[in-house]
Amino acid sequence: MDIKEVVAANIKTLRVKRGLTQEALAFDADVARSYIGYIERAEKTLSIVTLEKIAKALGVKASQLLEGE
């Protein structure tokens, strides 16, 4: 898995585990809902600023989103 796929899987897994919709996560992270979808499908790369926003919205450290299996 490449890093985009690792981040995508981690974000989706944590989002679902917390019972959040893509829309709710996007609102909490202050990003567009469609962008969350692109990220979760590993279709877009994200900046470290956006990575941090999403991590905060999920209640984890940004580094956790980069960790592979």
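Preceding block: the structure.
Asker: Looking at this model, I keep getting lost on helix α2 (residues 22-29). Mind explaining?
Answerer: Every α-helix winds through 3.6 residues per turn, so residues three or four apart in the chain are directed the same way. Buried within α2 are the following residues: Gln22, Leu25, Ala26 and Ala29. Take α2 and look down its axis: the buried residues cluster within an arc of 100 degrees, on one side only. Seen from the buried face of α2, the exposed residues on the opposite side, beyond 90 degrees, are Glu23 and Phe27. Of the surrounding secondary structure, the elements contacted by the buried residues of α2 are α1 (3-17), α3 (33-40) and α4 (48-58). Asp30 sits one or two residues past α2 and shows a positive phi near 60 degrees.

Asker: Quick question: what am I supposed to make of the packing of α1 against α4 here?
Answerer: Packed helices, taken two at a time, are described by their axes: the angle between them and the distance between them. At a minimum axis distance of 10 Å, the contact between α1 and α4 shows a crossing angle of 25 degrees. For the element pair α1 / α4, the angle class is roughly parallel. With respect to the hand of their crossing, α1 and α4 are arranged in left-handed fashion. Each of Val7, Ile11, Leu14 and Arg15 in α1 lies in contact with α4, whose residues at this interface are Leu51, Ile54 and Leu58. Across the contact of α1 with α4, the residue classes tally to six nonpolar, no polar and one charged.

The rules behind these values
Residues numbered from 1 in each chain as written. Predicted model: local features only at pLDDT ≥ 70, side-chain atom pairs only at ≥ 80, totals over all residues. Heavy atoms only, no water. Buried < 20%, exposed > 50% of the residue type's maximum accessible area, 1.4 Å probe, protein only. Helix = DSSP H or I, 4+ residues; strand = E, 2+ residues; numbered from the N terminus. Arc of directions from axis to C-beta. Contact = heavy atoms within 4.5 Å. Axes fitted to C-alpha atoms, helices over the stretch in contact; angles between N-to-C directions. Parallel < 35°, antiparallel > 145°, perpendicular 65-115°, else oblique. Left-handed = near helix turned anticlockwise from the far one by under 90°. Nonpolar A, V, L, I, M, F, W, Y, C, P; charged D, E, K, R; others polar.

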